[in-house]
Amino acid sequence: MNKTHQDSTTPDLSRRSLLQSAAGAGLTVTAAATLGVAATAATHVNAASAASAASATPDNAAASADKSLVVHVRDIKTGDIEVFSGTNQTRVRDRALAARIAKAIS
Amino acid sequence: MSSHREAPEISKDPVADSTDVYAFVSPDKPGTVTLIANYIPLQGPAAGPNFYEFGDDVLYEIHIDNNGDGRADVSYQFRFSTHVADPGTFLYNVGPIESLTSANWNRRQSYSVSENGKVLASGLNCPPCNIGPLSTPNYASLAATAVHNLSNGVAVFAGQRADAFYVDLGAIFDLGDLRPFENLHAQYGLNAFSGPAAGVNAVNHLNVHSIAIQVPISALTRSGHPTIGVWTTASRQRVSLWDADGGTTVNSGPFRQVSRLGNPLVNEVLIPVGKKDQWNSLPPSDDKSFASYVTQPGLAGLLPALYPGVFPNLAALSSSGKPRADLEAILLTGIPSGIIPGFQNFTGDTLADMLRLNTSIAPTAPDKQSIYGLLGGDAGGFPNGRRVTDDVVAIELRAVAGVTYALVDKSFTPDAAANKLTDGLTPASVSSPALSQFPYLGTPYSGFNNPS
């Protein structure tokens, strides 16, 4: 897995969980805790970097271990994956992980 | 209009679709400004059993730029929460709702308001929708209790209101028909109209959901710089996923802007359809890339074609290719001093669509107001901010038709018809009149009586 940036709020991607949906050119997956591999972040974006001041509102809690994740595999071949939790967004590049997700949904 | 369903994508997401923004020095509290952002367009009042409500999953914001860079210096954020007392009933209410704490009210909303991320208040009650004489008796007084006075002179209200905008949508979007002049329309050889007709207010008897905040002027302006730029945005989290097992929608990721509104009609009429949703996603500071649609407006070319022989001077101006510096000033920079004697709301060279309000100009007394605002010699109205009753359709039609170009090019003579353009409506076309106090928008139409 390539990593260009790691953030302390990166969700723990250590345990496999539920795959609920797939859609679009890639796969979009929700995971109650996650996906069977350790992952590190490539690009981490949270609401503070959004166009608005959304992040600062109290209702926007940071990602926590008991929150669901949404994983969007943008491109299975390149392993381009976005992970969403709470108001956070992380982008990773992991072809093996993308392949495992694709296999799980197939 | 002025921004109801103005872009293809946001038209499918009414909960996040802004319809109008108002900004004016409060006539009854001139040390404050009132900022109003309306959402959820074209609400039929008889909307039971699930009456309209704000989106719990939408971040609503009202922004103020006070240094002219097209970026927010002060932002107010509004987040809503829906509460269901008894999920076992299909009813919105199980008896008359006579107070905001009524046990008869089954599905209600509250909200928090924050300033630049700092919570000012939370748990503020919205009023219910106006249902009818049995469910919401004494609606006006009930809704008045949903005006919340916060610390530091701030007041807020969020809930259903009558749409104060007036526009003949049905005619205007029938190939630019203005009913009072439709006998002059080219009519494509169809001979549909034989004479002028009265305008029809397409949004009369329809409601919106309003977010209104009244703030001391001193909290929004910088010393010596009384003009502010105002706009609203709605944002959604990047991911929205229908969880069929849970019967709910899962939202995740950072918020991204999906709706924006400053000046009325800009995205609606000036921005081309292929760029409207992109425009909605960007801040005013990025509007330089859209400036040509303001300075070379397609509508200015259409009017002479739709009304042959009526706008020869406008046709010549449009075909000359001269940029419309007048529209750029009105909509993108504010009007510099020296153009209109004694008036300016210029915020600098940054091209940004914001509703600009010079807060140093006192409210115009009601008997001195012109619904045509600055075009009517009334500096208390649009485009110096926007009051609830301003006829922004006529003002912008007249401006696009060339009335204001003469201000920047003394050699230009506006066509005689330009200063008479109207869709035939006035504030009297709104059945629920504006209030004289905050939140100023009229009592929403009840489902019992509308339609009737």
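Definitions and limits used
Residues numbered from 1 in each chain as written. Chains lettered and ligands numbered in written order. Predicted model: local features only at pLDDT ≥ 70, side-chain atom pairs only at ≥ 80, totals over all residues. Helix = DSSP H or I, 4+ residues; strand = E, 2+ residues; numbered from the N terminus. Rg over C-alpha atoms; globule rule 2.2 N^0.38 Å. Buried ≥ 20, exposed ≤ 12 C-beta atoms within 10 Å, placed from the backbone. Contact = placed C-beta atoms within 7 Å. Pairing = 2+ DSSP bridges. Core = buried A, V, L, I, M, F, W, Y, C linked by C-beta atoms within 7 Å. pLDDT = per-residue confidence, 0-100.

A. Seen up close, the overall build of chain B. Scanning chain B for helices and strands turns up 10 helices and 12 strands. For 452 residues, the compact-globule formula gives about 22 Å, and the C-alpha radius of gyration of chain B, at 22 Å, lands near that figure. Once the C-alpha set of chain B is aligned to its principal axes, its extents read approximately 70 × 55 × 45 Å. Classification of the 452 residues of chain B by burial places 51% in the buried group. For chain B, the proportion of contacts with a sequence separation of at least 24, taken over those separated by at least 6, is 66%.

B. Summary view of the sheet that holds strand β7 (residues 148-149) of chain B. All names here are of chain B. Sheet architecture is open: 5 strands sit in the order β1-β2-β9-β8-β7, paired in antiparallel fashion. The open sheet has two edge strands with one neighbour each: β1 (18-25) and β7. Bridging between strand β2 (residues 32-43) and strand β9 (residues 207-216) involves 9 bridges; their strand directions are antiparallel. Each residue of the ladder has a partner; that of Asn38, found in β9, is Ser210.

C. Geometry of the nonpolar core. Within the largest apolar cluster, 105 residues are counted, with the highest numbers of intra-cluster contacts made by Val21, Ala23, Val230 and Ala401 of chain B. For this core, the element with the most residues is helix α9 (residues 392-400) of chain B, which contributes 7 residues. Aside from chain neighbours lying at most four places away, what touches Ala401 of chain B is Leu303, Phe311, Leu314, Asp415, Ala418 and Leu421 of chain B. Counting residues in each nonpolar core, the second largest holds 13 residues, with Val70, Val71, Val73 and Phe84 of chain A among its members.

D. Fine view of the confidence of the model for chain A. All names here are of chain A. When pLDDT is averaged along chain A, the result is 60; 38% of the residues meet or exceed 70. Long-range and interchain partners of residues 3-26, a stretch whose pLDDT sits below 50, account for 64 contacts in this model, where long-range means more than four residues apart. The low-confidence segment residues 31-42, where pLDDT is below 50, has 52 contacts with residues more than four positions distant or belonging to other chains.

E. Examining α9 of chain B more closely. All names here are of chain B. Of all 9 residues making up α9, 9 are buried, and the element is well covered by its neighbours. Those residues of α9 that are buried lie in contact with α6 (298-306) and α8 (325-333). A positive backbone phi angle near 115° is found at Gly402, which sits one or two residues after α9.

F. Broad picture of unusual backbone geometry. Residues and elements named next belong to chain B. In the segment running from Gly48 into Pro49, the intervening peptide bond is cis, with an omega of 5°. Mapped onto the elements of the fold, Pro49 is located in the loop between β2 and β3 (58-65). Of note, the bond from Asn450 into Pro451 is cis; its omega dihedral lies within 30 degrees of zero at 0°. In this structure, Pro451 sits in the segment after α10 (405-408). With a phi close to 55°, Arg5 is a non-glycine residue in the positive phi region. A positive phi angle, near 55°, is found at Leu175, a position not held by glycine. Checked against the element boundaries, Leu175 lands in the loop between α2 (169-172) and β9.

G. Expanded view of the pairing of strand β4 (residues 74-84) of chain B. Residues and elements named next belong to chain B. Note that β3 and β4 share 5 bridges and pair antiparallel. Directly across from Ile62, in β4, lies its bridge partner Tyr76. Both β4 and strand β5 (residues 107-115) contribute to a ladder of 9 bridges, which runs antiparallel. Bridge pairing links Thr82 to Gln109 in β5.

H. A look at the pairing of β2 of chain B. Residue and element names in this part refer to chain B. For β2, the buried fraction is high: 11 of the 12 residues fall into the buried class. Looking at chain direction, β1 and β2 are connected through 7 bridges and run antiparallel. The residue bridging Asp20 from the neighbouring strand is Asn38, located in β2. Between β1 and β2, which pair antiparallel and follow one another directly, the connecting turn spans 6 residues.

I. Fine view of the environment of Val203 of chain B. Residues and elements named next belong to chain B. Position of Val203 relative to the elements: it lies in the loop between α2 and β9. Residue classification places Val203 among the buried residues on the basis of 26 C-beta atoms within 10 Å. Beyond its immediate chain neighbours, meaning those up to four positions away, Val203 contacts Leu42, Asp163, Phe165, Tyr166 and Val167.

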